[in-house]
2 protein chains.
Amino acid sequence: MAERRHTEIESAALAVVHDFVAAWNSNDMSRVLALMDEDVFYHNIPVAPLVGRRAVSDYLGSKGGFDWINWQLLNIAVDGHKVLTERVDDFSIGGVAVSLPIMGTFEVHDGKIKAWRDYFDMDGYRRQLAQPKQ
Amino acid sequence: MAERRHTEIESAALAVVHDFVAAWNSNDMSRVLALMDEDVFYHNIPVAPLVGRRAVSDYLGSKGGFDWINWQLLNIAVDGHKVLTERVDDFSIGGVAVSLPIMGTFEVHDGKIKAWRDYFDMDGYRRQLAQPKQ
């Protein structure tokens, strides 16, 4: 069996997404934002997309911060500049813990995330948020 | 830049998923089922998982058939036996056309899909189904 070999572009794209997951898991929003392109397109599919790092920063700021974050990266695969992920995003916000099954695509160019699209069930998320605080 | 090379396992897994998408787009449910392992695990994430080709067959039968199907494969990437896809699944069921942004992971072994997990926003899907027939 031939050994699989990534192109340089693919290895770089994978590295950026791994860094991005690590930044989230460190709850380091400065690092999260720094890994995004200034003109990033961020689409949390059930809601309207955000364009630009400032819009993402404002959005994250409006959430009031996470108590803790633990994204579990179940699967990751790359094709050129595109990195596809399957994850369980565990986090706590406002004292409520959530476990969100999710998939996301990241388009990486020049070491930055230019596009990020996440797919998940919004209603399942909202039902968890409505649980009593722990 | 080094050319990217898939392993034999990866090339075979990609081929099965491409065949699977083609089977859907031909509205050929026999072919869809034939590409699944007898013990397939199928999880449409917002709803309970199905186990086994017969359960999937019963489920598909219960939907009463699709008028037409057109899955658009936006992105596909492979890592070993795992194939990750980003799609827009356009289809019509009971005279109602739906366009569903979705991501899915397929685990392929021995030419068959052993696991399939799709992630999408159920509420967005239901709102489309509630539209008047065309």
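Predicted model only: the values in this text are computed from it and were never measured.

Colleague: Can you help me understand the overall build of chain A in this one?
Modeller: On a plain count of helices and strands, chain A comes out with four helices and six strands. For chain A, the spread of C-alpha atoms along the three principal axes comes to 50 × 35 × 25 Å. In chain A, the proportion of contacts linking residues at least 24 apart, taken out of those at least 6 apart, comes to 50%. When the accessible surface of chain A is totalled, it reaches about 6300 Å², and 50% of it is carbon and sulfur. Each charge sign in chain A was given a centre, from 14 positive and 19 negative side chains, and these centres are 3 Å apart.

Colleague: Just checking my understanding: could you explain the relation of the copies chain B and chain A for this structure?
Modeller: Note: a rotation about an axis with an accompanying shift along it relates these two copies of the chain. Superposing chain B onto chain A takes a rotation of 180 degrees combined with a translation of 0.0 Å along the rotation axis, leaving an RMSD of 0.0 Å. What the rotation and shift describe, once combined, is the action of a two-fold rotation axis. Taking C-alpha positions as the reference, the residue of chain B nearest the rotation axis is aspartate 121 of chain B, at 2.1 Å. Counting the interface residues of chain B, we find that 100% of their copies in chain A are interface residues as well, pointing to one common contact surface.

Colleague: For this particular structure, what's the right way to read the environment of valine 32 of chain A?
Modeller: Residues and elements named next belong to chain A. Here valine 32 shows up in helix α2 (residues 29-34). Separated by 10 residues in sequence, valine 32 and alanine 22 have C-alpha atoms that sit 8.9 Å apart. With residues up to four places along the chain from it excluded, the contact list for valine 32 reads Phe20, Ala23, Trp24 and Leu60.

Colleague: Looking at this structure, I do not really get the interface of chain B and chain A. What am I missing?
Modeller: Interface size is often expressed as the accessible area that is lost when the parts come together. Across the boundary between the two partners, chain B contributes 32 residues, which contact 32 residues of chain A. For the chain B and chain A pair, buried surface summed over both sides reaches about 2800 Å², with 56% attributable to carbon and sulfur atoms. The interface formed by chain B and chain A includes two salt bridges. The closest approach of N and O atoms between arginine 117 of chain B and glutamate 86 of chain A, which form a salt bridge, is 2.5 Å. At the surface where chain B touches chain A, the tally comes to 11 residue pairs in polar contact (both at pLDDT 80 or more). Elements with a contribution of two residues or more to the side of chain B that touches chain A: α1 (8-25), β3 (66-79), β4 (82-93), β5 (96-109), β6 (112-119) and α4 (122-129) of chain B.

Colleague: Got a minute to help me understand the side chain of aspartate 37 of chain B in this structure?
Modeller: Residues and elements named next belong to chain B. With respect to the secondary-structure elements, aspartate 37 resides in strand β1 (residues 36-44). Reaching out from aspartate 37, the side chain makes a polar contact with the backbone nitrogen of aspartate 39 at a distance of 2.8 Å. Contacts of aspartate 37, omitting those with residues within four sequence positions, involve Arg53, Lys112, Ile113 and Lys114.

Colleague: It is not clear to me how unusual backbone geometry should be interpreted in this structure. Could you clarify?
Modeller: Trans peptide bonds make up the majority, and among non-glycine residues the majority have a negative phi. Here asparagine 27 of chain A, not a glycine, exhibits a phi torsion of approximately 55 degrees, which is positive. Here asparagine 27 of chain A is to be found in the loop between α1 (8-25) and α2.

Cut-offs and rules
- Residues numbered from 1 in each chain as written.
- Chains lettered and ligands numbered in written order.
- Predicted model: local features only at pLDDT ≥ 70, side-chain atom pairs only at ≥ 80, totals over all residues.
- Heavy atoms only, no water.
- Helix = DSSP H or I, 4+ residues; strand = E, 2+ residues; numbered from the N terminus.
- Contact = heavy atoms within 4.5 Å.
- Areas by Shrake-Rupley, 256 points an atom, 1.4 Å probe, with all protein chains shown as cover.
- Lys, Arg positive; Asp, Glu negative; His and termini not counted.
- Charge placed at Lys NZ, Arg CZ, Asp CG, Glu CD.
- Least-squares fit on C-alpha atoms with pLDDT ≥ 70 in both.
- Buried area = accessible area lost by both parts, 1.4 Å probe.
- Salt bridge = Lys/Arg side-chain N within 4 Å of Asp/Glu carboxyl O.
- Polar contact = N/O pair within 3.5 Å; in protein donor to acceptor, adjacent residues only side chain to side chain.

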